[in-house]
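# Working through the structure, step by step
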Amino acid sequence: MPVLARDVTGVRSTRAIVDLDAIAANVRALRCLLPPHARLMAVVKADAYGHGAPWVARAALDAGASDLGVATVGEGRILRQHGIVAPTILLGAIDPSEAVAACEAGLQITVGEKTLLDAVQLAARETRQRPVAIHVKVDTGLSRYGASPDLAVALASRIVADDNVRLAGISTHFASADEPGEPFTTEQLQRFEETLARVGAAGIAKPSVHAANSAGILTNQGTSYDMARAGIALYGVRPSAEVALAPGMRSAMRLESRVARILPLREGDTVGYNRTFRASSSTVGALVPIGYADGYRRALSGKGWVGIGGRSCRVLGRVSMDQIVVEVPAEAYVGVGDVVHVMSDDPGTRAPGVEDIAALCGTNAYEVLVGISQRVPRIFVECGEVVDRRVPGGETPAPERG
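Residues numbered from 1 in each chain as written. Predicted model: local features only at pLDDT ≥ 70, side-chain atom pairs only at ≥ 80, totals over all residues. Heavy atoms only, no water.

### Regarding the environment of Gly 302
- Turning to its location among the elements, Gly 302 is positioned in the loop between β14 (283–288) and β15 (305–308).
- Each C-alpha atom of the pair Gly 302 and Arg 390 lies 31 Å from the other, and the pair is 88 residues apart in sequence.
- Not counting residues up to four positions away in its chain, the partners in contact with Gly 302 are Val 315 and Gly 317. (Helix = DSSP H or I, 4+ residues; strand = E, 2+ residues; numbered from the N terminus. Contact = heavy atoms within 4.5 Å.)

### Re the pattern of salt bridges
- Per the stated rule, a full pass over the model turns up 12 salt bridges.
- The closest approach of N and O atoms between Glu 355 and Arg 238, which form a salt bridge, is 2.5 Å. Placement of the pair is Glu 355 in helix α10 (residues 354–361) and Arg 238 in the loop between β9 (227–230) and β10 (253–258), with a sequence separation of 117 residues.
- Here Glu 355 falls in the partly exposed class, since its relative accessible area comes to 31%.
- What makes Arg 238 partly exposed here is its relative accessible area of 29%.
- Here Asp 322 makes a salt bridge to Arg 375, at a shortest N to O gap of 2.7 Å. On the criterion of sequence distance, the pair formed by Asp 322 in the loop between β16 (311–316) and β17 (324–328) and Arg 375 in the loop between α11 (365–370) and β19 (378–382) is long-range, its members being 53 residues apart.
- Put simply, Arg 12, Asp 294, Asp 322 and Arg 375 are held in one network by salt bridges that share partners. (Salt bridge = Lys/Arg side-chain N within 4 Å of Asp/Glu carboxyl O. Buried < 20%, exposed > 50% of the residue type's maximum accessible area, 1.4 Å probe, protein only.)

### Notes on the packing of helix α6 (residues 114–126) against helix α7 (residues 149–160)
- Look at α6 against α7: their axes get within 11 Å of each other, and the N-to-C directions meet at 10 degrees. Judged by the angle between their axes, α6 and α7 are roughly parallel. Contacts from Lys 114, Leu 117, Asp 118 and Gln 121 of α6 reach α7 at Leu 151, Leu 155, Arg 158 and Ile 159.
- Of the residues that constitute the contact of α6 with α7, the class distribution is 4 nonpolar, 1 polar and 3 charged. (Axes fitted to C-alpha atoms, helices over the stretch in contact; angles between N-to-C directions. Parallel < 35°, antiparallel > 145°, perpendicular 65-115°, else oblique. Nonpolar A, V, L, I, M, F, W, Y, C, P; charged D, E, K, R; others polar.)

### Re the environment of Arg 250
- Secondary-structure assignment places Arg 250 in the loop between β9 and β10.
- For Arg 250, a relative accessible area of 37% gives the class partly exposed.
- Separated by 14 residues in the primary sequence, Arg 250 and Gly 236 place their C-alpha atoms 4.5 Å from one another.
- If near-sequence neighbours (up to four positions away) are discounted, Arg 250 is found in contact with Asp 19, Asp 21, Ala 22, Ala 25, Asn 26, Tyr 235 and Gly 236.
- Polar side-chain contacts of Arg 250 include one of 3.5 Å to the side chain of Asp 19. (Polar contact = N/O pair within 3.5 Å; in protein donor to acceptor, adjacent residues only side chain to side chain.)

### Digging into empty space enclosed by the protein
- Within this structure, the stated rule accounts for 2 cavities of 30 Å³ or more.
- Taken as a whole, the largest cavity holds about 60 Å³ of empty space.
- Taken together, Leu 255, Gly 295, Tyr 296, Arg 297, Leu 300, Val 342, Met 343, Ile 357, Val 368 and Ile 372 make up the full set of residues lining the largest cavity.
- Here the residues of the lining of the largest cavity sort into 8 nonpolar, 1 polar and 1 charged.
- Lining the second largest cavity are Lys 137, Val 138, Asp 139, Thr 140, Leu 142, Ser 143, Arg 144, Tyr 145, Thr 172 and His 173. (1 Å grid on protein atoms, 1.4 Å probe; cavity = no way out; pocket = protein on both sides within 12 Å on 5 of 7 lines; lining within 4 Å. Points joined across faces, edges and corners; volume = space filled by probe spheres on them.)

Now the structure itself:
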């Protein structure tokens with residue numbers, strides 16, 4: 001694994017390294033789990049789970065993904081501003097007042113209630129992006145966004161009767177696919193099939209149908225339809241501890257920093273706010289410029305660790321907004337400028353992986369990844385070489401590829 005601490009000059013030492021080759025490998029592995037006819041949507045909402053949406057989107061599309069999924073109109077517009085024209089689907093609710101902007105950006109819109117459909121139909125008549133592609137989302141038990149089966153049929157009927165819009169898809173979302181053996185996923189699929197049958201009985205030609213998320217793809221649930229949606233697995237992270245990744249899949253992000261100061265600590269010395277750590281004997285601390293404003297959670301105070309020089313170094317005292325202090329193991333030499341592996345799935349770094357950090361914080365890997373703040377530069381790597389970077393205040397467009 002290349003060490004990039006000195007490979008990118010003029011960039012903050014605390015940085016996220018995004019492996020675009022890993023994104024591509026994960027796409028290919030997921031595609032192999034789907035029937036040949038099925039398309040793969042790369043879900044790049046929340047800035048591609050913190051990885052950098054335009055860069056991830058291009059890598060995923062180049063590797064065989066066909067569609068992109070986002071959560072907000074703004075996320076879709078960012079992709080368009082970067083020259084990405086692939087079919088991009090708004091997966092959840094948007095405000096009806098955003099319908100015109102969504103249409104103008106050429107985004108496909110998901111509806112689950114009448115008010116939004118009203119707004120989209122009106123916006124479609126006012127814009128030049130006709131027919132506007134609409135997906136109907138069916139709530140089969142997640143009890144989140146989506147229409148009841150009765151309403152779903154009514155919405156689909158309205159869409160096919162309007163020449164300004166087209167029915168591009170019908171979807172649902174699983175509640176428990178990351179719990180193997182949980183029967184509720186089967187129940188959801190049965191409800192979904194019943195809704196699809198009612199849509200067909202209403203004389204509506206079946207559009208693209210999609211139900212499987214990452215867990216569904218990895219456990220072969222809901223993968224027989226026209227498309228599947230890869231979210232967390234796209235980034236090489238398991239949907240849950242009970243769902244394994246496919247062979248060849250790997251994590252696409254690691255966090256690193258460097259040592260900014262060495263602090264000799266005598267017995268009785270304290271570290272950090274409120275002096276929650278007191279040295280019981282002489283030891284050495286290393287200052288690392290990362291804190292909770294970067295997404296390194298305060299919950300890691302006194303229990304997190306990092307890897308330096310192939311050794312684990314525990315966090316001493318409280319995590320500050322911008323800094324932490326870690327303990328240098330006895331007989332280890334650590335100097336200013338040494339690479340600090342904050343998060344990595346490479347066991348040789350002795351750093352925690354994203355799932356380790358999530359467990360320490362009492363949350364899931366999703367929240368850890370999307371919580372890495374925008375002030376942390378993203379360094380994009382292919383074949384071990386830096387191909388681009390995103391630096392706060394000095395962003396560059398995603399590379400023109402494919």
